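Secondary and tertiary structure notes
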Amino acid sequence: MPSVFPPPPGARAYPLRTARGAFAVVDAPVPAGVEQQGVVLLLPGFTGSKEDFHRLHGPLAARGYRTVAVDGRGQNESDGPADDESPYAQEELARDVLAQASALGAPVHLVGHSLGGQIARAAVLLDHSPFVSLTLVSSGPAEISESQKQRVKLLHDALAVMTMAEVWQAILAMGAPEEVGGPARGFGKPAQMRQRWLNHKPAQLLVTGRRLCVEPNRVAELAAVPLPFHVLSGASDDTWPIPLLDAMAGELRARRTIVPDADHSPNQDQPLLTAHGLADFWDGLANTRRN
């Protein structure tokens with residue numbers, strides 16, 4: 001039976017086998033006639049999935065970058081326990097990322113969106129050796145904003161007394177899902193968005209949501225890691241204010257890219273501009289190494 005999440009043209013969906021289990025990925029190779037410049041591992045955000053990067057695969061492949069977007073443990077099509085919260089501790093998810101990078105068999109450019117950025121940061125702080133660079137997409141230095149904390153609390157309160165299907169119906173009844181603690185607007189049709197929501201494991205949502213509300217500031221630790229950094233965001237963001245992201249980029253001595261006419265998910269709001277911002281950063285690193 002075909003998946004309700006078909007990969008974009010030229011890409012392949014399959015389970016990536018790692019030392020820590022299998023993870024659902026979408027893998028987009030570089031097309032024939034284009035020289036491969038690198039391999040990219042893409043981590044989605046809270047309530048998100050690998051499909052959030054669908055619109056980046058084509059333009060990044062055209063620039064020479066093989067892209068592998070992954071569902072983390074308990075996200076969408078990657079398995080995980082429904083009720084046991086211990087496998088979703090941040091360090092466990094970070095070790096999953098290290099295993100994913102190892103399974104790809106090449107040093108990778110690591111990209112994390114929102115929650116995925118904080119998990120990526122934790123992975124780099126454990127072991128930076130599998131990575132060529134780290135890009136944080138709309139992912140801030142510490143805990144999320146007070147307004148977003150309220151949305152996460154609303155979601156958690158609902159999960160405590162309702163099934164995932166009931167929560168989805170409640171989210172739709174209250175308004176746009178991204179405005180009431182549910183998934184941000186996504187890649188596909190309502191039926192696909194609903195199925196992705198139902199695929200998520202409740203324990204994963206509970207643990208990662210709580211972590212977003214208490215995440216400590218680890219920017220100084222990250223700045224000590226010998227990797228090139230990139231902070232990319234839309235021109236506005238309710239989860240981490242733009243001045244906060246600017247300051248973090250300064251502390252990291254990172255390249256800073258602001259995508260116009262985009263909010264918290266520039267990868268979906270302005271995929272072509274986002275892809276060019278990413279590839280320009282990586283191309284610049286390659287040029288520096290050659291010189």
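Residues numbered from 1 in each chain as written. Predicted model: local features only at pLDDT ≥ 70, side-chain atom pairs only at ≥ 80, totals over all residues. Heavy atoms only, no water.

**Some details on the environment of threonine 135**
Relative to the helices and strands, threonine 135 resides in strand β6 (residues 131–137). Judged by its relative accessible area of 0%, threonine 135 is buried. Spatially, the C-alpha atom of threonine 135 lies 24 Å from that of proline 31, the residues being 104 residues apart in sequence. Residues contacting threonine 135, with those up to four places away along its chain left out, are Leu110, Val111, Gly112, His230, Leu232, Leu278, Phe281 and Trp282. A polar contact is formed between the side chain of threonine 135 and the side chain of histidine 230, at a distance of 3.4 Å. (Helix = DSSP H or I, 4+ residues; strand = E, 2+ residues; numbered from the N terminus. Buried < 20%, exposed > 50% of the residue type's maximum accessible area, 1.4 Å probe, protein only. Contact = heavy atoms within 4.5 Å. Polar contact = N/O pair within 3.5 Å; in protein donor to acceptor, adjacent residues only side chain to side chain.)

**Some details on helix α7 (residues 202–214)**
Its 13 residues place the ends of α7 19 Å apart at the C-alpha level, agreeing with the 18 Å of an ideal helix rising 1.5 Å per residue. Every buried residue belonging to α7 is among Ala203, Gln204, Leu205, Leu206, Val207, Thr208, Gly209, Leu212 and Cys213, and all of these are buried. (Expected span 1.5 Å × (residues − 1).)

**Details of the sheet that holds β6**
One open sheet holds the 8 strands; their spatial order is β1-β2-β4-β3-β5-β6-β7-β8, and the pairing between them is mixed. For this open sheet the edge positions go to β1 (12–18) and β8 (255–259), each flanked by a neighbour on one side alone. On average, each strand axis in the sheet is tilted by 25° relative to the strand beside it, whichever way the strands run. Of the pairings in the sheet, the one linking strand β3 (residues 38–43) to strand β4 (residues 65–70) comprises 5 bridges and is parallel in character. Directly across from leucine 42, in β4, lies its bridge partner alanine 69. Along the sheet, helix α1 (residues 54–62) contacts β2 (21–28), β3 and β4; its crossing angle with β4, the most-contacted strand, is approximately 165°. Helix-sheet contacts for helix α3 (residues 115–126) involve β3, β5 (108–113) and β6, and the interaxial angle to β5 is about 140°. (Pairing = 2+ DSSP bridges. Axes fitted to C-alpha atoms, helices over the stretch in contact; angles between N-to-C directions.)

**Topic: the packing of aromatic side chains**
How two aromatic rings sit relative to each other is given by the distance of their centres and the angle of their planes. Going through the model one piece at a time under the given rule, you end up with 2 aromatic pairs. For the cation-ring pair, arginine 12 lies above tyrosine 14, with the distance from its terminal atom to the ring centre recorded as 4.0 Å. (Phe/Tyr/Trp six-rings, centres within 6.5 Å; stacked < 30°, edge-to-face > 60°. Lys NZ or Arg CZ within 6 Å of the ring centre and 35° of its normal.)

**Observations concerning the side chain of histidine 113**
On the secondary structure map, histidine 113 appears in strand β5. Residue classification places histidine 113 among the buried residues on the basis of a relative accessible area of 6%. Contact partners of histidine 113, with chain neighbours within four places excluded, come to Leu43, Pro44, Gly45, Phe53, Val137, Ser138, His264, Ser265 and Asn267.

**What about the pattern of salt bridges?**
What the rule picks out here adds up to 20 salt bridges. Two residues, lysine 50 and aspartate 71, come together in a salt bridge whose shortest N-O distance is 2.6 Å. One end of the pair, lysine 50, is in the loop between β3 and α1; the other, aspartate 71, is in the loop between β4 and α2 (90–104), and 21 residues separate them in sequence. Accessibility assignment for this pair places lysine 50 and aspartate 71 in one class, buried. Put simply, arginine 196 and aspartate 52 hold a salt bridge, and the shortest N to O gap is 2.8 Å. With arginine 196 in helix α6 (residues 190–199) and aspartate 52 in the loop between β3 and α1, the pair connects residues that are 144 residues apart, well separated along the chain. (Salt bridge = Lys/Arg side-chain N within 4 Å of Asp/Glu carboxyl O.)

Any functional reading would require information that these geometric values do not contain.
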